[in-house]
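Take a look at the letters that make up each chain.
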Amino acid sequence: MARVLIVGAGLTGSLCAALLRRETARPLHLTVWDKAGDSGGRMITASSPHNSQCTVDLGAQYITCTSHHAKKHQSFYDELLAHGVLKPLTSPIEGMVMKDGECNFVAPQGVSSIIKHYLKESGADICFRQCVTQINLRNDKWEVSKETGSPEQFDIVVLTMPVPQILQLQGDITNLISERQRQQLESVSYSSRYALGLFYEAGTKIDVPWAGQYINSNPCIRFISIDNKKRNIESSEIGPSLVVHTTVPFGVTHLEHSTEDVQELIFQQLEDILPGLPPPVATKCQKWRHSQKQ
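Looking at an unreviewed UniProt entry, the protein chain carries the name Renalase, FAD dependent amine oxidase, with the source organism given as Equus caballus.

A. Summary view of the packing of helix 1 (residues 11–23) against helix 4 (residues 112–122). Direction vectors running N to C along helix 1 and helix 4 enclose 30°, while the axes themselves pass 8 Å from each other. With respect to their mutual orientation, helix 1 and helix 4 come out roughly parallel. In the packing of helix 1 onto helix 4, the handedness of the crossing is left-handed. On helix 4, the residues that touch Leu 11, Ser 14, Leu 15, Ala 17, Ala 18, Arg 21 and Arg 22 of helix 1 are Ile 114, Ile 115, Tyr 118, Leu 119, Glu 121 and Ser 122.

B. Just the UniProt feature "domain: Amine oxidase" (unreviewed entry) in the protein chain, in detail. The UniProt record annotates "domain: Amine oxidase" (unreviewed entry) at residues 105–290. For residues 105–290, the end-to-end C-alpha separation is 23 Å, with 28% helix and 32% strand making up the annotated structure.

C. Representation of the nonpolar core within the structure. Val 32, Ile 63, Leu 86 and Ile 114 are the most contacted members of the largest nonpolar core, which totals 24 residues. Breaking this core down by element, the ones donating at least two residues are strand 1 (2–7), helix 1, strand 2 (28–34), strand 5 (63–65), helix 3 (74–82) and helix 4. Among the elements that make up this core, the one with the highest residue count is helix 4 (four residues). If near-sequence neighbours (up to four positions away) are discounted, Ile 114 is found in contact with Leu 11, Met 43, Ile 63, Leu 80, Val 85 and Leu 86.

What counts as what
- For every chain, the first residue of its written sequence is number 1, and the numbers climb from 1 along that sequence.
- Reporting in this predicted model follows two pLDDT cut-offs: at least 70 for local features of residues, and 80 or more for side-chain atom pairs to be given and counted; totals over whole chains, interfaces and linings ignore these cut-offs and use all residues.
- For side-chain calculations, the full set of non-hydrogen atoms in the structure is used, while hydrogens and water are omitted.
- Axis definition: a line fitted to C-alpha atoms, limited for helices to the stretch in contact. Angles are taken between N-to-C directions and run from 0 to 180 degrees.
- Numbering goes from the N terminus for both helices and strands, where a helix is a DSSP run of H or I of at least four residues and a strand is a run of E of at least two.
- Note on terminology: angles under 35 degrees are roughly parallel, angles over 145 are roughly antiparallel, angles of 65 to 115 are roughly perpendicular, and the others are oblique.
- Two helices crossing with the near one rotated counterclockwise from the far one by less than a right angle form a left-handed crossing, whereas a clockwise rotation gives a right-handed crossing.
- In this description, contact between two residues means that some pair of their heavy atoms is separated by no more than 4.5 Å.
- UniProt positions are given in the numbering used here, feature names are shortened, and annotations may be inferred rather than shown by experiment.
- What makes a nonpolar core is a set of buried Ala, Val, Leu, Ile, Met, Phe, Trp, Tyr and Cys residues whose side-chain atoms join them at distances within 4.5 Å.
- Using a 1.4 Å probe on the protein chains alone, a residue whose accessible area is under 20% of its type maximum counts as buried, one over 50% counts as exposed, and one in between counts as partly exposed.

In structure tokens, the structure reads:
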């Protein structure tokens, strides 16, 4: 039985694992490693420490299906809709630019539920806090070393993490990447930003007419979403949640600052946009060093 390691438990890694399980005739032992403490990657959903049902999407906010992708990948959308992982986005998002033939979806259980769906389908062994450092060729096997624990051997290794993290890997893999491939990989660039999730007590009211809003006039904040409202979830037992995404220039400028300092700056700007916003019971500030490929 071939041993396959997929590094990265985001959308690419989870879908890769599910497709390998579905499409490969030969038996496979699938393993997925991620350096984080949970699956999701840049589609992570965070929970309030006071109520696990109060969640906020810190990465991707909704899924846009273009007319091209609707034709090419319709079966994927149909599957996720049939399982209730996705549903049409019907809540008002101010400032959203829609192109002809596009439609948008939200994940009622948080956007990371898409990743969890594919990981479950794959039947893979999933290990978190596994940070890969080296990949070497040993007796026709790939020996993968990590920050903690003993190296492990696999027949196939699939790398799905951001390109800069691939280029940092040591070992024989550095000799397998040609100069042209390395130049192509080094030319890939990412935008950087911060996301701030705010969790509130049950019964808290955030009185705005929208579920999400794109901001064009603030140097710090680019997007705000009342996350439960975006997903059309209203409950007297679960408090609302709000997420703020910063602009890319702000993210780049403050990339090496402490998250505590950045959080305070975001709060100051948020007060100007939403004066009188009640204080949250918990917060989660996420630095996206590799936010979106440019």
